[in-house]
Every structure is written in C-alpha cells, then in structure tokens.
Amino acid sequence: MLKYIAKNAAQMLVTLLLIVLIVFIMFELIPGNPAQIMSKLDADQKTIEALEQEFGIHDPLPVKISKYFTGLLNGDMGRSIRFGKPVIDLIRQAIPVTMSLAIYSFFLIVIISVPLALLASVKRGSFIDNAIRFTTETTLAIPPFFMAVILMLIFRTTQLGLKSGQGASSGSSVLVQYLLPALAIALSRVTMALEFLRDSIIEQKKMFYLKTAIGKGVTRSRIILTHVLRNSLVPYITVLGLIIAEIFGGSIIIEQVFLLPGLGRLLVTAVESRDFPLTLGIIITIAIVVIVVNFLVDLINQFIDPRLREKEHVALRTGLGAKLIYKLNTIRGVKK
Amino acid sequence: MNKLELTNQANPEYTLKVEHLKVVSTQGAELVRDVSLAIKPGEIVGLVGESGSGKSITTMAIVGILPDGISIAKGKILFQGQDITRISADERCGINGNKLGIIYQDASQALNPLMRIGKQIDEVLKIHTDLSLSERQDRVLGTMRAVNLPDVKNLAKRYPHELSGGQRQRVLIAMAIINNPQLLIADEPTTALDVTVTAQILDLIKIINESKQISVLYISHDFSTVNKLCDRVFVLYAGIPVEIGSVKQVIENPQHPYTELLLESIPTKEKRGQKLLRMKGRTQDPRGPALNCQFADRCPKAFGRCRQELPPMYQVTPGHTAACFLLNNKGE
Ligand SMILES: Nc1ncnc2c1ncn2[C@@H]1O[C@H](COP(=O)(O)OP(=O)(O)OP(=O)(O)O)[C@@H](O)[C@H]1O
Ligand SMILES: [Mg+2]
C-alpha cells in the first residue's frame, strides 16, 4: 500500500512538473512585459528595472523554472503583480470558498443522483424513468450561469430569506450562503452522474451472479442494495471524480454571479491583469487538486473492486476509460 | 384433487414433482413444451439433452428465476407437495437457499466478483437462520471444509477471481448445501472444468447426497457423467422428455433413436480409435407448437407417422418409457 502511494506520488510530481513547464512556455510566448504593466506607464526606468530584477524577467527559461521550483518547495509562489501580495496568501484565502462550493455541490449531486438513478433503473422504461431523464437532460441543457439566475429569481420571489448575490460576506451560515451557487453547479452536472449510475446499475442487473443471489433466497431489496448498488459504484465514482475536478477549476461563472471570492474569480483577475505569478500559482493549485482527486478515485475504486488492484486486470480499467469517453461524448452530444 | 394435494402435503412421496410444465417466451416460442418429472427423497435424477433442449429453462422455472419475457404457461411444480409456480416473492425467498439449493453451470459468472467468498457463503445463513456471527462463521468454515476447499480460513477472505475454477464450483456447492436443503439442483456443474476436477465434483455431489439424504436434480448434456452419478434419467429433446428410466435401463437398452445417438457420442474404451459420431442437425429454434415428433427430421429411423403425429410415451419395461412410434410397431 505504501509502495503504491510512493509510486503514484512520483508519477504525480512528474505530471505537475510538466504542467508548470507548459504554463511557463505559454507565458513566454505572450507578448508584454509584466514589470511594465505592474508599474503603470508613468514609472521611470529604475523602478521597472528593479521589478524586472525581482521577477527575473531576463533570466533564461531553465533558470526561471528552477528558481520557481525552489520557491515552490519552500511554499513560495512568488509575489502577485496585481495585488502586490504573496501569491500563496491570495490562494489560501480563495481556496476555502471554492473548496466549500465544490464539496457542497458534490454532496448535492450525490444526494440527488443516487436515489434517482436507483428509481430510474429499477423502474426502467417506465414513466418515472422517462420523467427523470427528461428533467435531468433539460437541466443539462441550461448553462450554469442561467441556472444561477433562475434559482436566484425563484428563491427571491418565494422569500426564503436567502441573501443571494451577497457572497461570503453576509452573516448567514455557510450552508445557507452557498446553497444557491452549489445548487446551480449541482443541477448542471447531476445528469452526468445520474446517467452513469443508472447505466451501471442496469448493466449490473443483467449479471449472472444475481441469479445466484436469488437462488440463495436473498430478497429483492437486499439484492439491490448489497449486490447491485455496490457493484455499480466504480464508474460512478470515476465520473464523480471528474465532476469534482471540473467544479474546482471551472466554477468561474458561478463565482462571478454569486460574487464569491474563490479561485475562479481570482483566476479571471489574474489573467486579465497578466499577473503571471498569480495565474501560475492558481493553475498549479488546480492541477494539484485534480491530480489528488484522481488518485483518490483510483484508491477508492480499488477498494471497491479488488480486481482493479491487480496488474492483469488493467484491461478492466482501460475498458472503463473507453466507456467513460464514449459516454461523455454521447452526453455532450445530447447537450448540443 | 384437493384431497389428494392435502395428503401430498402431509407426506410427500416426491421431493419434487413437475407436472406438464410448459414455458413460453413473449414471442410465443415454446422453450419447454411438456415436461413431467419426479424426484423421490434421496434420489439423484439426471436430465440429459443437447444444448438448447430446455434443461436450464426447466431449472430456472423451478427456482423461480426465469428471465424477463419468459414465463410458465401451464403445469405445476410441486415442491414437497406445494405448488411453487405461483408463490409470492417472500415465500420464494423462504424456499430458495433454504430447502432448495442450486449450483450453476458457469461458476466464474455465478459469484459476485466484489464480495469475499466467506461473506457470500455466509449470506445464506444470514438470511435464513438466527445464528450468531460466530456460529455462522464456524458453519461457513465447516461447510467449506466439507466440500474439500483447502486452507478455508484464508480462502474465506479471498475474492472469486483469486480462486481456481474447481474451487469456485466448490464454493457454489457449499453455498447451496449449507442450510441442508431437501433438493439440490446442479445445472451442468462441471462443463467449465477439466476431467480430474469433474470427477472430484461428481464424487462430492454423490457424498452430499448420501450423507445428508439430499435429493439431486443433475443436469447434463453428457451421458457419461450421468452414468456415474444418477439413479434415474430423463432424456430431453426440444423441450419434451423422450425417454425416461433408470440409468441402467436407458443406457443398456436405449429405445429412442435420440438416446441412442447421445449414447453413441460418448467416448468409451471399446470405441477408442473409432471416429466419434457427430450428431447431424440442431434442435430447431425458435419453436412453434409440437405437432409431430420433433426429432423426426434428424432421425435415421423416421417413417411417415413420425412427421404427422406427436408420439405418446410407450412403456418398455416397468419404469422405462420412451416416446417413439417404433415401440408401437413392436407392440403390434
Ligand atoms: N434468456 C432467454 N431468452 C430467450 N430465450 C432463451 C433464453 N434462455 C434460453 N432461451 C431459449 O430457450 C431454449 C432452451 O434453452 P436452455 O438454456 O434451457 O437450454 P439448455 O438445455 O440448458 O442448453 P445448454 O446445454 O446449452 O445449457 C433455447 O431455444 C434457447 O434459445
Ligand atoms: Mg443450460
């Protein structure tokens, strides 16, 4: 187990290095001198040179990168050009917001998708199944920001006492504050989770081992809960991992609409102001989250399906990967 | 009729009695046409027929696991005197795994791949008994030993893919017998296994039958295993039994040409070196109503009447019957 984690940690580090490299090169290609931008146009040559010195603008790329990594190892991501503060501090402030949003919407997605997927697959082809599919496919077609606006209108008019649009500054509890943005995110992504789980359950229900369970006298509800649902989880957890990673890196619009000071908004500001250290810092943070989530998904899936622990069964995983891509494409196709 | 059923219930002469069972699909195909069979307590009965003859559908009807779109159209299945064709789901759960154990053809598909072996066997006890956890554990390990599984403590913690085919089949057997059922149904339990393991599994079934007086319905397409194991045999063709008798009667004096063909395709010592006779043609599929002898088209001895009428069962000797018009001619 420890060996496994160590091996994966090395792999994750390499991935991270590659990402940093790519972002560095991309920023090299973008024209403009950050020192100039930062110091405004009226700055004299001396100030600009001092800033250039600080940011190592004229260093060759390998030197820049190695400097950056040395900093990174000491928890230093440089200083933000736009805010003049250490990047790490800015990110530290933003992370709790995005993290709460991601976790909150994650739970909403699970709470909505598990019972609905069970219902839809058990009553497959029935009115309920079709109604669920129709509703979720409709919510998929609505863009998240529009969903957010609709939700705000609904909740405002029904006077639920929710202060939407006021972000984290309002006094109410986190649970209430984040309800609308999390719901907006959850509703726009729940379809994918639901369809994966539904299909997986339907597939498991065809499996022959269920006949053994019936032969043993296991009741229907027990079969669904202890055999079918558990065995359907691997593709579901994989897609949940994708979703949570996507929420982390992609809730920019929702954060804008609800004025939440999270990573997404910070990233927009950073890119707009050509704030290279901040942009890089945020991208690295998101990359770390994605890598860690993927690792956890792998770990959980291996816990659920012991066959995934073995090398010979790699085919199972690649099979799952292919299925995932196929399914994502079909769902995206529906969206168009 | 009612009275008869009542007496049956009190002291059933047969563990299982299937009467004129007919199983159809929604498309109208007759998968099992008219199967009657009876198994006495402690008896091992074989059901033989080639692929597609309806053996598995018959067992599924008995166990109540017919696939969607396939249902019992006619007939009764009396288990210990009680008709189980139309019982509730709860009653079914009380019978399966408790009084009725089943072993399937393909053990690699029949076990839940994500559940530990011990837990899968234990599930039967969990459902049907009030035993405590440690009592259940003891019994699980004891039954695993009884079916000759090695290193049971360790094995109980393993997953199905970590076992050999023979071990998986033994696990299925352990699961089926752990509650001391009255009837064990084994649907081709050895098809996926090699010769040595097959012999071991057959021995095991025999031992279970003798030591616990469990009746067995043994399904196979292969007369040689039936010969080793069974007391009586039913030969099934296209959903209809064509010959019934003790294994000795049927093997030594086969009356139906289909039985003869089946017997000829067993490799034996005497026939070594000869070319194996391969059966011509296949069971027709899907099937309409049976209006004539279903085997007529493939039968080397068929004559006019075979293609016009469905032959009834003729008695050969007491306890030995066959559905072939040749027997009628002999009688005349
Ligand atoms: N799930 C199903 N849906 C529709 N038809 C089926 C199904 N299962 C079996 N059949 C049909 O029922 C008939 C009898 O099949 P059955 O499985 O009972 O054969 P079998 O005697 O067990 O053969 P084998 O030796 O191959 O196991 C066949 O014609 C088959 O095509
Ligand atoms: Mg079969």
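A brief look at the structure comes next. Since this is a predicted model, take the numbers as computed values, not measurements.

**Side note on the overall build of chain A**
A count of helices and strands for chain A gives 16 helices and zero strands. Evaluated residue by residue, chain A yields a buried proportion of 44% over its 336 residues. Considering only contacts in chain A between residues 6 or more positions apart, those separated by 24 or more positions represent 74%. For chain A, the exposed surface amounts to about 17,500 Å²; the carbon and sulfur share of it is 68%.

**Side note on the pairing of strand 8 (residues 215–220) of chain B**
Residue and element names in this part refer to chain B. Across the six residues of strand 8, six count as buried, placing the element largely inside the fold. Of the two faces of strand 8, the one carrying Ser215, Leu217 and Ile219 and the one carrying Val216, Tyr218 and Ser220 are both buried. Summarising the sheet, strand 3 (residues 44–48) and strand 8 pair through five bridges and their orientation is parallel. Bridge pairing links valine 48 to serine 220 in strand 8. The pairing of strand 7 (residues 183–187) with strand 8 spans five bridges and is classified as parallel. The partner of leucine 184 across the bridge, within strand 8, is valine 216.

**Things to note about unusual backbone geometry**
All names here are of chain B. One non-glycine residue, asparagine 148, lies in the positive phi region at around 65°. For asparagine 148, the location among the structural elements is in the loop between helix 6 (133–146) and helix 7 (152–155). Positive phi is not limited to glycine here, since aspartate 151 has a value of about 45°. The exposed category is assigned to aspartate 151, whose relative accessible area is 53%.

**Details of the interface of chain B and chain A**
Between chain B and chain A, the residue contacts involve 27 residues of the former and 22 residues of the latter. A combined buried area of about 2,200 Å² lies between chain B and chain A, and 60% of that area is made up of carbon and sulfur atoms. Of all residues in chain B, Leu114, Glu123 and His161 of chain B give up the largest surface area on contact with chain A, accounting jointly for 29% of the area buried on that side. The interface formed by chain B and chain A holds two salt bridges in total. Taking the shortest distance from any N to any O, the salt bridge between glutamate 123 of chain B and lysine 216 of chain A comes out at 2.9 Å. The interface formed by chain B and chain A holds 14 residue pairs in polar contact (both at pLDDT 80 or more) in total.

**Here's the deal with the packing of aromatic side chains**
Taken as a whole, this structure holds five aromatic pairs over all chains when the rule is applied. Between the aromatic rings of phenylalanine 106 of chain A and phenylalanine 107 of chain A, the centroid separation amounts to 5.7 Å while the plane-to-plane angle is 75°, which identifies the pairing as edge-to-face. By relative accessible area, which is 24% here, phenylalanine 106 of chain A ends up partly exposed. Ring geometry for phenylalanine 208 of chain A and tyrosine 104 of chain B: centres 5.0 Å apart, planes at 80°, overall edge-to-face. Taken together, the positions of phenylalanine 208 of chain A in the loop between helix 9 (179–205) and helix 10 (209–216) and tyrosine 104 of chain B in the loop between strand 6 (100–103) and helix 4 (107–110) put the pair across two chains. Clustering of aromatic rings is evident, with ring pairs tying together Tyr237, Tyr258 and Phe295 of chain B. The ring of phenylalanine 83 of chain A has arginine 82 of chain A lying over it, and the distance from NZ or CZ to the ring centre is 4.9 Å.

About the criteria used
Residues numbered from 1 in each chain as written. Chains lettered and ligands numbered in written order. Predicted model: local features only at pLDDT ≥ 70, side-chain atom pairs only at ≥ 80, totals over all residues. Heavy atoms only, no water. Helix = DSSP H or I, 4+ residues; strand = E, 2+ residues; numbered from the N terminus. Buried < 20%, exposed > 50% of the residue type's maximum accessible area, 1.4 Å probe, protein only. Contact = heavy atoms within 4.5 Å. Areas by Shrake-Rupley, 256 points an atom, 1.4 Å probe, with all protein chains shown as cover. Pairing = 2+ DSSP bridges. Buried area = accessible area lost by both parts, 1.4 Å probe. Salt bridge = Lys/Arg side-chain N within 4 Å of Asp/Glu carboxyl O. Polar contact = N/O pair within 3.5 Å; in protein donor to acceptor, adjacent residues only side chain to side chain. Phe/Tyr/Trp six-rings, centres within 6.5 Å; stacked < 30°, edge-to-face > 60°. Lys NZ or Arg CZ within 6 Å of the ring centre and 35° of its normal.

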